[in-house]
Amino acid sequence: MRYISTRGQAPALSFEEVVLTGMASDGGLYVPETVPQLSHDDLAEMAGLSYAEIAFRVMKPFVNGEIDDETFRGIVKEAYATFSHDAVVPLNQLDANHFLLELFHGPTLAFKDVALQLLGRILDHFLQKRGERAVIMGATSGDTGSAAIEGCRHCDNLDIFILHPHNRVSEVQRRQMTTVLADNVFNVAIEGNFDDAQAMVKASFADQSFLNGTRLVAVNSINWARIMAQIVYYVASAVALGAPQRRVSFCVPSANFGNVFAGYMAYRMGLPVERFVIATNANDILHRTLAANDFSKQELKATLAPSMDIVVSSNFERLLFEAYERDGAAVAALLERFQAEPTALADAPLAKLRERFASHSVDDATILEVIREAHHRTQEILDPHTATGYRAAERERGDEAVPMITLATAHPAKFAEAVVKAGFPGVPLPPHMDDLLEREERYSVLPAELSAVQQFVVENRR
Ligand SMILES: *Cc1c(COP(=O)(O)O)cnc(C)c1O
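These numbers come from a predicted model, not from an experiment.

(A) How the structure looks around the overall build of the protein. Helices and strands together make up the secondary structure of the protein, namely 18 helices and 13 strands. Taking 462 residues into account, the globule formula puts the C-alpha radius of gyration at 23 Å, and the protein, at 21 Å, falls close to it. With the C-alpha coordinates aligned to their principal axes, the bounding extent of the protein is approximately 60 × 55 × 50 Å. Looking at the protein as a whole, 59% of its 462 residues are labelled buried. Partitioning the intrachain contacts of the protein with sequence separation of at least 6 by distance along the chain shows that 75% fall at a separation of at least 24. Here the protein has roughly 17700 Å² of accessible surface; of this, 47% comes from carbon and sulfur atoms. Within the protein, the 60 negative side-chain charges are centred at a point lying 2 Å from the centre of the 42 positive side-chain charges.

Structure follows, in C-alpha cells:
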C-alpha cells in the first residue's frame, strides 16, 4: 500500500512516511493508492469482537505490515484502554431507529481522542525505531489542543508545544491542557488572539531551520492516521446494528470533514451505508456546496458549536479527489480557483456526491431549540455540536427503516455555555475529571512574537 497526493504531483509515500509528513509537497493531502476491501465475511466475523480487535482488523491493511501485527495490536489496545467506557464508543438508542454513537468517552471528552490517542503512539513507535525525536507544534482556540496533549503525554520521543490565546480560553478548556504536567508537554499562553498563535505555528512549519534538523510534525486532521483511526467506529457501529446484512445511515457534525471522510472510506471499503448526512453550524460551506453548488469562502462566524467554526474545510479535498475520478490536476485547478474567488463543482462530480451525501445547516438559535427538544423527547442532554447532527439527521432522514446513527462528537459538560443558554443548570464533569478545577497547572506566557516562541521551543525541547 502506497499513499498518493490529491494534487497528483508529490511522490508516493509509505505509511510510515505519510504519518510523519502531514501535507504533501504539492499542497495536496495523502490518500491510499487503493482502497482495501472488507468482504461480507470479514464484516460478519466482526460481530461480538472488542472495539480494539475490530480496530486492528480495519486498520491493518493501511499499516501495510510496517508495524508488525503483535506490536500494532498492542498499540491499539493501549490507545483505547484510555477510554472510560468498556465499549469505547457505545451506541445509545434514542428512539425507534435513531442512535447516538457516543465518541466522547476519551480523556478529553471529544471525538478527537479516538484518533489522537492512536496517532501519538504510532508516531512514537516510528520515531523510536528510527532513533529520532520530533517536535509537535499546534495552536488551539481551546477545544482541540487538549486532545493532542493527551495523545502525546506518554510519548518518549515527542515534545509537544501547544499555543493558546492568553485569557481567551475558558477555564475548563485551559485546565484540560495545563494540568497535564508531563515533562514533554509545554503549554504556551500567547499574549494575542488565536490567529496570532496560528500564524506563528504556520510560520514555524514553513521555515523549520530554527529546529536545526529536528523534525516538526503536524497532528492536525489532515494527517492520514487520524482518518484511518476514525474509519473504525463506522464499521464497529454498523456491525453492532446488523451489518453486513443490514444497511445503516450516518449523520456527522462536520467542519474540516475528517470525520465524515473516514465514514466515506468505510463505505468504499465495503460497509453497506445508505447515506451520509453532513451537519454544519452557521459556517455552512459544506452545505452550500452540496445543496446549491456554491463552493465559496464566507466570513468566519463564532457559534455555540465552536469546534465546527471554519471557513475552509481542509479534508473536503480528499472527497473531491474521489468525485473527480482521482484526477489530481482537476482538483488542483478547482482549489486554485476556490482560493481566488467563489466557484462551483463540475456537474458530474457534484452529481456523484449527491448520490451518497445529504446536508443540513443549523444556526445558533436552532441549536438551543434542539437541545431542549431532544431532552424533552429522549432525556438526553446533547452538546451543541451533536445537536446540529440530531436536527440534520431528522431533516434528512431518508428511508425510515434504515437505522440512523448520529455521531455524538463531544460530551455536554465540555460545552456548558450552550447547555446553560438552552435553560439547563449545566452538566457535571464525569468522575475522572471532577477535581479538574483543583489540579496544579503549568504554562508559560509569551508575547505574540515568532522569535520568542521559537526560542522557547528550542530551549525546552528535550
Ligand atoms: C473537530 C470537531 C468536529 C468537526 O469534525 P471534522 O472532522 O473537522 O469535520 C465536530 N465536533 C466536535 C466536538 C469537534 O471537536
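(B) Region of interest: the packing of helix 8 (residues 194–206) against helix 18 (residues 450–460). Packing of helix 8 against helix 18 brings their axes to within 10 Å, and their N-to-C directions diverge by 65°. Between helix 8 and helix 18 lies a crossing of right-handed hand. For the pair formed by helix 8 and helix 18, the contact residues are M200, A203 and S204 on the first element and L450, V453 and Q454 on the second. A breakdown of the residues in the contact of helix 8 with helix 18 according to their chemical character gives four nonpolar, two polar and no charged.

(C) Just the site of the ligand, in detail. What surrounds the ligand is a group of 14 residues, the closest being K112, A255, N256, N259 and T409. In the environment of the ligand, an oxygen atom lies 2.8 Å from a nitrogen or oxygen atom belonging to the backbone of A255. Here G258 contributes a backbone N or O atom positioned 3.3 Å from an oxygen atom of the ligand. When the ligand sits alone it has 380 Å² of accessible area, and the protein chains cover 96% of it.

(D) Looking closely at the sheet that holds strand 4 (residues 98–102). Strand order in the open sheet formed by six strands is 3-4-12-9-10-11, with mixed pairing between adjacent strands. Of all strands in the sheet, those bounded by a partner on one side alone are strand 3 (91–93) and strand 11 (357–361). Here the average twist between neighbouring strands, direction ignored, is 25°. Pairing between strand 4 and strand 12 (residues 404–408): five bridges, direction parallel. Looking at the pairing, L101 lines up with L407 of strand 12.

(E) Main features of helix 10 (residues 258–269). Across its 12 residues, helix 10 extends 17 Å between first and last C-alpha, which sits within 8% of the 16 Å expected from 1.5 Å per residue. Of all 12 residues in helix 10, 10 are buried; the element is thus mostly enclosed. Of the residues making up helix 10, those classed as buried are G258, N259, V260, F261, A262, G263, Y264, M265, A266 and M269. Of the residues flanking the end of helix 10, it is G270, one or two places downstream, whose phi is positive at about 125°.

(F) Here's a closer look at the packing of aromatic side chains. One pass over the full model with this rule turns up 22 aromatic pairs. Both rings, one in F186 and one in F456, keep their centres 6.3 Å apart while their planes meet at 85°; by these two values the pair is edge-to-face. Taken together, the positions of F186 in strand 7 (residues 185–191) and F456 in helix 18 put the pair 270 residues apart, joining distant regions of the chain. According to the relative accessible area criterion, F456 is buried, its value standing at 13%. In this structure an aromatic cluster arises from ring pairing among Y233, Y234, F250, F257, F261, Y264, Y267, F276, F295, F316, F338 and F357. Lying across the ring of F56, R73 places its NZ or CZ 4.0 Å from the centre.

(G) Region of the structure containing unusual backbone geometry. Between A243 and P244 the backbone carries a cis peptide bond, its omega angle lying at 5°. Unlike most non-glycine residues, R326 shows phi in positive territory, near 60°. Looking at the element boundaries, R326 is found in the loop between helix 12 (316–323) and helix 13 (328–340). Accessibility expressed as a relative area gives 26% for R326, which makes it partly exposed.

(H) Layout of the side chain of Q173. Along the chain, Q173 falls in helix 7 (residues 171–178). Given the relative accessible area of 9%, Q173 is considered buried. Excluding residues within four positions of it along the chain, Q173 makes contact with S141, G142, D143 and F415.

(I) The arrangement of the sheet that holds strand 7 in detail. Strand order across the open sheet formed by five strands is 8-5-6-7-13, with parallel pairing between neighbours. Sheet topology places strand 8 (215–217) and strand 13 (444–447) at the edges, where each strand pairs with a single neighbour. Here the average twist between neighbouring strands, direction ignored, is 30°. The pairing of strand 6 (residues 158–165) with strand 7 spans six bridges and is parallel. Across the sheet, L163 pairs through a bridge with V188, a residue of strand 7. Seen against the sheet, helix 8 touches strand 5 (134–139), strand 6, strand 7 and strand 8 and runs at an angle of roughly 150° to strand 5.

(J) Geometry of the nonpolar core. Residues Y80, V235 and F250 are the most contacted members of the largest nonpolar core, which totals 134 residues. Every residue in contact with Y80, bar those within four places of it in the chain, is listed here: Y51, A55, V88, V114, L118 and A229. Among the nonpolar cores identified, the runner-up in size contains 17 residues, and M137, V201, L211 and L216 belong to it.

(K) View of the pattern of salt bridges. Scanning the entire structure with this criterion turns up 29 salt bridges. Here R121 ties to E78 by a salt bridge, and the two come within 3.1 Å at their closest N and O atoms. On the criterion of sequence distance, the pair formed by R121 in helix 5 (residues 112–130) and E78 in helix 4 (residues 69–81) is long-range, its members being 43 residues apart. Taking relative accessible area as the criterion, R121 reaches 13% and is therefore assigned buried. Given a relative accessible area of 49%, E78 falls into the partly exposed group. As a salt-bridge pair, K421 and E417 come within 3.3 Å of each other at their nearest N and O atoms. One end of the pair, K421, and the other, E417, are both in helix 17 (residues 416–421), four residues apart, so they sit about a helical turn from each other.

How each quantity is defined
Residues numbered from 1 in each chain as written. Predicted model: local features only at pLDDT ≥ 70, side-chain atom pairs only at ≥ 80, totals over all residues. Heavy atoms only, no water. Helix = DSSP H or I, 4+ residues; strand = E, 2+ residues; numbered from the N terminus. Rg over C-alpha atoms; globule rule 2.2 N^0.38 Å. Buried < 20%, exposed > 50% of the residue type's maximum accessible area, 1.4 Å probe, protein only. Contact = heavy atoms within 4.5 Å. Areas by Shrake-Rupley, 256 points an atom, 1.4 Å probe, with all protein chains shown as cover. Lys, Arg positive; Asp, Glu negative; His and termini not counted. Charge placed at Lys NZ, Arg CZ, Asp CG, Glu CD. Axes fitted to C-alpha atoms, helices over the stretch in contact; angles between N-to-C directions. Left-handed = near helix turned anticlockwise from the far one by under 90°. Nonpolar A, V, L, I, M, F, W, Y, C, P; charged D, E, K, R; others polar. Near = heavy atom within 4 Å. Polar contact = N/O pair within 3.5 Å; in protein donor to acceptor, adjacent residues only side chain to side chain. Pairing = 2+ DSSP bridges. Expected span 1.5 Å × (residues − 1). Phe/Tyr/Trp six-rings, centres within 6.5 Å; stacked < 30°, edge-to-face > 60°. Lys NZ or Arg CZ within 6 Å of the ring centre and 35° of its normal. Core = buried A, V, L, I, M, F, W, Y, C linked by side-chain atoms within 4.5 Å. Salt bridge = Lys/Arg side-chain N within 4 Å of Asp/Glu carboxyl O.

Geometry only, nothing functional implied.
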